[in-house]
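# A closer look at the structure
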Amino acid sequence: QVQLVESGGGLVQAGGSLRLSCAASGRTFSSYDMGWFRQAPGKERVFVAAITWSGGNTYYPDSVKGRFTISRDITTSTVNLQMNSLKPEDTAVYYCAARPRGSNALRVHNGDDYDYWGQGTQVTVSS
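Note that this is a predicted model, so its numbers are computed, not measured.

Enumeration over the complete set of coordinates arrives at 5 aromatic pairs. With a centroid separation of 5.9 Å and 85° between ring planes, the pair formed by Y32 and Y116 is classed as edge-to-face. Pair noted here: Y32 is in strand β4 (residues 32-39) and Y116 is in strand β10 (residues 116-117), with a separation of 84 residues, a long-range link. Y116 sits in the buried class, given a relative accessible area of 18%. Note on F37 and F47: the rings are 5.7 Å apart at their centroids and 65° apart in plane angle, and the pair reads as edge-to-face. Residue F37 is found in strand β4, and its partner F47 is found in strand β5 (residues 46-51); the two are separated by 10 residues along the sequence. The residues F37 and F47 share a single accessibility class, namely buried. In this structure an aromatic cluster arises from ring pairing among F37, F47, Y114 and W117. Taking the ring centre of W53 as reference, the NZ or CZ of R101 above it sits at 3.5 Å.

Rendered as C-alpha cells:
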C-alpha cells in the first residue's frame, strides 16, 4: 500500500504560478513511477505529467509542456509539480498517482495503469 497526500493548491491569477506537492508513505518510494492528473468539472480526468522511478525520464502532454515541471525527491518521498504561466483552462482538481516501476512507458498517460491515488487538491486560475 502507498498513501499519497497532495498539497499546494489554491487560487491564482492567470499568468501566475503554483507548486503542488505529493507526499508518499508506505512502500518504497523508488518502486513507483509517479504521475499527476487533473479533472475539471464535467470533464474526464486527463494526464498532466509523469516521472519515472529514477527521475530519469519525464513526460508531459502538449497542453502543459514548457509550463509545468515534475520532479521527485527521494529523500523526502515527495513528487512536485511546478506550474508556471497558468491559464484559466488549467483550473481543475489535481491528483497525484503511483504506478509500479517498470510499467510500459507508452502508457504513462493512462490513469488505468496507476494503482494508488491521492485525494486531490483544487487549483483555480482566475482570468
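Let's shift gears to the environment of M83. Tracing the chain through its elements places M83 in strand β8 (residues 78-83). Here M83 falls in the buried class, since its relative accessible area comes to 0%. Those residues in contact with M83 that sit more than four places away from it in its chain are G16, S17, L18, L20, R67, F68, Y94 and V123.

With that settled, the discussion passes to unusual backbone geometry. Despite not being glycine, S77 has its phi angle at roughly 55°, a positive value. By secondary structure assignment, the location of S77 is in the loop between β7 (68-73) and β8. At S85, a position not held by glycine, the phi torsion is positive, near 50°. Along the chain, S85 turns up in the loop between β8 and β9 (92-100).

Reading the values: rules and limits
Residues take numbers from 1 onward in each chain, read along the sequence in its written order. A pLDDT threshold of at least 70 governs which residues receive local features in this predicted model, and a stricter bar of 80 or more applies before side-chain atom pairs are shown or counted, although totals over entire chains, interfaces and linings include all residues. Values shown for side chains rest on all heavy atoms present in the structure; no hydrogens or waters enter the calculation. Classification of ring pairs rests on two measures: the distance between centres of Phe, Tyr or Trp rings, Trp counted by its six-membered ring, which must be within 6.5 Å, and the angle between planes, read as stacked under 30 degrees, edge-to-face over 60 and tilted in between. Labels follow the DSSP assignment, with helices taken as runs of H or I lasting at least four residues and strands as runs of E lasting at least two, numbered in each case from the N terminus. When a residue's accessible area, from a 1.4 Å probe over protein chains only, is under 20% of the maximum for its type it is buried; when over 50% it is exposed; and in between it is partly exposed. Two limits define a charge over a ring: the Lys NZ or Arg CZ must be within 6 Å of the ring centre, and within 35 degrees of the ring normal. Contacts are assigned to residue pairs with any non-hydrogen atoms lying within 4.5 Å of each other.

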